Amino acid sequence: MINKILNFFKEYNARKDEEPRSGKLYAISALFNTPNEIMNAATEVADKGYRRFDTFTPYPVHRLDQAMGITKPLVGPIAFAGGMLGCFLTLLMIWWMSDADYPNIIGGKPFFSLPPAIPITFEGTVLLTGIATVIGMLVLLNKLPKINNPLNDTEFMKHVSSDKFGIVIGANDKQFSESEIRSLFESMGAHDIQNIYYRESNLTNKTPIFDSKFIATLIAVAGLTALISYFTLNVVLYDVVPFDWMRHQEKINSQSPSDFFQNKSGMRMPVEGTVARGFMPYEYKGMPDSSVKQLANPLPADSKILERGQDRYNVFCSPCHGYFGDGDGRLNEQFPKPPSLHNNKVINWTDGNLYHVLTNGQNVMPSYESQISRDDRWAIVHYIRALQRAKNAKEQDLPK
Amino acid sequence: MELTTKKLPASVGKWGMILTIVGAVMAGAAFAVDTHRAMFGYLWMYMFLISIGVGSLALVALEYLVGANWSTPFRRVSEFLSAIVVLLAVLVIPLLFGMHDLFHWTHADAVASDPILLGKEPYLNTPFFIARTGIMILIWVVFYFLFTRNSRKQDITKDPALTTQNIKYSAAFAILFILTISFAAIDWMMSLEPHWFSTMFGVYYFAGTLVAAISVAAYVSVNLNEGGYFGFKVDYEKYYSFGTLMFAFNVFWTYIAFSQYMLIWYADIPEETFWFMNRMEGTWIYFSLGLIFIHFVIPFLILLPRSAKTNPKLVTFMAMWLLYAHAYDLYWIIMPTYFKDGFVFSWNELGFLILAFGIIALVFNYMAGKFNLVPVGDPKLERGLYFHLN
Ligand code: HEC
C-alpha cells in the first residue's frame, strides 16, 4: 500500500520533470561548492550592475543579502504598515462594540477607555503585523498567484537544496547577454552553468491557483472541516465538561435551595435595618387613612407623568382593577373582585388617601411599596384621577 | 590574535572629575539649604547607581548563564561599571542617617496610631530594614568579587574552567539578583508610601535596571569601539544586538509598567489607586504623561527599524536617552512623596544627577586604567569577535 503511494508520487514527479520546456530563455544558472564562493559571486554580480539575479543556498548564509546589495528589505515597511493598521482597526473595533453598538456598564467604568483596550490592541497589532508580513512576502515578493517557477524540478534546484550554492541571472535583466554571463560565471570558477528555459505552462497566463477544480477542492475541504468541528463540538461532546460551553455552572438560581446556608434557602434576606439604594421607606406605614389626608401629590400632572402613570397602572393595577378602574380585571374569579375606583368614596378621597392605599395596601389588596417606586406611585395617583375625570366627563372637559 | 588596547582618552577622567566635583558641591549645598528635600534627591541618585551597578552585574551573569558570544568582547564594560556596587556600601551611610526624613513608618508616634502601619511593623522596622540593606549590599559585593576575580585570572591563565565556575555563580546570582532587586525596590521606594502596595513593584524596578544597564553598556561599548580603543574593531552588526536588547528591555519595562497601572485602574480600590492619583494631580499629570512618551513611545518608534539598531550614532544617542528616561522614571517614583503639591525640579535635585554621572564616569575610568579593557583570556572571545547575527 505505502509502496503504491510512493510509486504514485515518484511517477508523478517523473512526469513533471519531463514536462517540455519551451525555447524561451528564463535565466542562466551556475553552481558553486562553498559559501565563500557564493558570497564573492553575489558581490561581483551585484558590482557588475546586474539587478535581476538571485542566490540559493541549502542553509542560511549570513550576510548574503548584503553581498547581493539588498540594503532596504521591503518586508520591514510592510510589517510596520500592517501593525499600524491592526492597532487602528482594533481600537476602532473596541470603541464600536463597547461604546457605539452595545454600551454596557462594566465595573462602573466608562464605556470606552484606553487601559482595558490596550491588551487587545496589542494582540490586534501583532496579528495584523504577522499576517501582513506573510501575505506581503508571498504576494509582493514571491508573486503569489504564480506558483510554478521555471527553476522548479531542475537539476539546479535539486543541488541548491542539498549540497551546492547557486546563483541565477534572469534573462529579463537589462544587461543580459548570454555569452558575457557565461564567461563571468566561468571566471568565478563556477561549474555546471546551465540555461534554464520556461516551461510551456509558464508561458500561458493560467495559474493553477485559480483552477476551478482546485477552488472546488478548497471549498469542499473547508466545508467538511467546519461540519466535522460543528458535529464533534455541538453534538458529540456537547455535554462533556470542558466542551459544554459553560452550560453547567456552580451557581444558585433564584428561588432554588442551597445546602450552604443553614435555612437551606438559596436567596438571602437583606441585612436587618438596611435599605436598598434609591428606596425610600414609607413614613405612614400601617397608620390609619386619616393621618395622611394632607399629603399632596408632589408631581405635576403633565403628559409625561400621566403616560408614566398609565404605563405603571396597566402593569400593576389593571389585572385586578381593569384598564379603566371598573373592577373588571383579567383576574376575575381568581381573586376577590375589587370595588370600582369610580365610586363616590374614592372620588372624594384626597390624593394622599389614594396614595396611602396603594402604598400601604388595604385589607386583601397588598402593599405596592417595594414593587413601585415612590414617584411612580404618585404618577399612578395622577392617572387614576384622570380616569375618574374621564368617566364622569362634563361638557367643559371636552376640547373646544 | 594580538590585542593591544589603547588607554582611555584623558577627557573621560577629566569630565568624570568635573561632574563629580560640581555635583558634589551642588549636592552639599542642597543638604545645607534643605536637608529633608536633599535626602530625597540623594535617594534618587542612590537608586540610579543601584540600577547601573547591580544591573551591570546582572548583565555579566546573564552572558555567562546563556553562553552569549557576541557580548564577550564588551563584557569588561559591564564588569567595570558593576564596581559601583562596592561604592554602594559607602554611599548608603547618609541614607541610613536620613531614614527619619524619608520614611513615614520610622515615626513611632505615627505608627502607634495607625492600624495598617502597626500590621506592617514586623517587616517595616528600622533594625530589620538596616539588616536587609546590609545583606543585599553584601550579596552584590560578594558576587562582584567572585565574577571579576575569575574573569581577571583568566586573562593570564586562559583557563576555561574559570568560565565554568562563573557560570555556576551566575546561576546562583540570577535568583539572588531578582530577589535583592525586588527587595531594594520594595524597601527603598515602595515603603516611601507605606500604606501603598503593588505586587508588581519589584519587577517594575527590575525591568528599569536592565534598561539602564544595557543602555550604559551600549553607550560605552559603541563609543569605545568607534574610537578604536578595544584594539580590535567589530563591525556595526554588533550594535544590532545592543539596539535590540535596549528595545526589548524597554518594551518589557512598558509591559510591566502598563500592567501595574491597568490592574490598579481596573480594581479601583482606594488603598491602591491613591499612589497613582498622587501622580495625576496638579502638575504631576504632565510629568506622568511625559513618562509614557519619553520612556516608551519615542524610543519605541526610533529603535523599531533595523537600520536604527545598527547605526552607531543613533544607538549611542538612544542609549543616553534611555538612561535619562530611567532617571526620569525613578524621579517619578520617588519625588511625589516629597513634592505633594506638584512637580518641582531645581538645582537641588540636578546636583544629584550630575554627581551620579560623575561617579559612573570616574569608576569606569579608574577600572579601565587598572585592568584589561578586553577579557583576552576568555575562550569565547574569538567567537565573539567573529560573531555574525546576519
Ligand atoms: C391582586 C389584585 C389587586 C391589584 C393588583 C390591585 N388591587 Fe387595588 N384593590 C384590590 C382589592 C381586592 C381591593 C378591595 C380591598 C378591600 O376590601 O378594601 C382593592 C382596593 C383598592 C382601592 C380602594 C378602593 C376602595 O373603594 O376602598 C384602591 C384605591 C386601589 N385598590 C388602588 C389600586 C392601585 C392603584 C393598584 C395598582 C398599584 C391596585 N389597586 C392594585 C385588588 C387589587
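### Remarks on helix H5 (residues 114-141) of chain A
All names here are of chain A.
Move 1: Maximal helix bending in H5 amounts to about 30°, located at Ile120.
Move 2: Taken residue by residue, H5 has Gly124, Thr125, Leu128, Thr129 and Ala132 as its buried positions.
Move 3: Of the surrounding elements, those touching the buried residues of H5 are helix H4 (75-101).
Move 4: Positioned one or two residues after H5, Lys143 has a phi angle of 55°, which is positive.

### Digging into the confidence of the model for chain A
Move 1: Of all residues in chain A, 99% have pLDDT values of 70 or greater, and the mean over the chain is 87.
Move 2: Mean pLDDT in chain A bottoms out at helix H8 (residues 200-203) of chain A, which sits at 78, and peaks at H4 of chain A, which reaches 94.

### A closer look at the sheet that holds strand S1 (residues 21-32) of chain A
Residue and element names in this part refer to chain A.
Move 1: Spatially, four strands are ordered S2-S3-S1-S4 in an open sheet, and the strand pairing comes out antiparallel. Looking at the sheet topology across the chains shown, the edges are occupied by strand S2 (53-56) and strand S4 (191-199). Here the strands of the sheet are splayed against their neighbours by 25° on average, with no regard to which way each runs.
Move 2: Across six bridges, S1 lies against S4 in antiparallel orientation. The residue bridging Arg21 from the neighbouring strand is Arg199, located in S4.
Move 3: Helix H2 (residues 35-47) contacts S1, S2 and strand S3 (165-170) of the sheet and is inclined by roughly 20° relative to S3.
Move 4: Helix H7 (residues 178-187) rests against S1, S3 and S4 of the sheet, and its axis sits at about 20° to S1.

### Quick notes on the site of the ligand
Move 1: Surrounding the ligand, one finds 22 residues, the nearest of these being Cys317, Cys320, Pro338, Asn363 and Met365 of chain A.
Move 2: Where the shell around the ligand is concerned, the elements lending two or more residues are helix H11 (318-321), helix H12 (344-348) and helix H13 (351-360) of chain A.

### Let's talk about helix H8 (residues 126-157) of chain B
All names here are of chain B.
Move 1: Its 32 residues place the ends of H8 46 Å apart at the C-alpha level, agreeing with the 46 Å of an ideal helix rising 1.5 Å per residue.
Move 2: Of the residues making up H8, those classed as buried are Thr133, Met136, Ile137, Trp140, Phe143, Tyr144, Phe147, Thr148, Ser151 and Gln154.
Move 3: In the core, the buried residues of H8 are packed alongside helix H2 (35-66), helix H3 (75-81), helix H4 (84-97) and helix H9 (160-188).
Move 4: Once H8 ends, the next one or two residues include Lys158, with phi positive near 55°.

### A closer look at unusual backbone geometry
Move 1: Residues other than glycine seldom take positive phi values, yet Asp192 of chain A does so here, at roughly 60°.
Move 2: Residue Asp192 of chain A is classed as partly exposed on the basis of its C-beta count, with 14 C-beta atoms lying within 10 Å.

### With respect to the nonpolar core
Move 1: Core analysis: the biggest nonpolar cluster contains 104 residues, and Ile214 and Met246 of chain B have the highest contact counts within it.
Move 2: For this core, the element with the highest residue contribution is H2 of chain B, accounting for 21 residues.
Move 3: Tyr26, Ala27, Leu31 and Ala41 of chain A belong to the second-largest nonpolar core, a separate cluster that totals 26 residues.

Thresholds applied
- Residues numbered from 1 in each chain as written.
- Chains lettered and ligands numbered in written order.
- Predicted model: local features only at pLDDT ≥ 70, side-chain atom pairs only at ≥ 80, totals over all residues.
- Bend = angle between axes of the 7 residues up to and from the residue.
- Helix = DSSP H or I, 4+ residues; strand = E, 2+ residues; numbered from the N terminus.
- Buried ≥ 20, exposed ≤ 12 C-beta atoms within 10 Å, placed from the backbone.
- Contact = placed C-beta atoms within 7 Å.
- pLDDT = per-residue confidence, 0-100.
- Pairing = 2+ DSSP bridges.
- Axes fitted to C-alpha atoms, helices over the stretch in contact; angles between N-to-C directions.
- Near = placed C-beta within 6 Å.
- Expected span 1.5 Å × (residues − 1).
- Core = buried A, V, L, I, M, F, W, Y, C linked by C-beta atoms within 7 Å.

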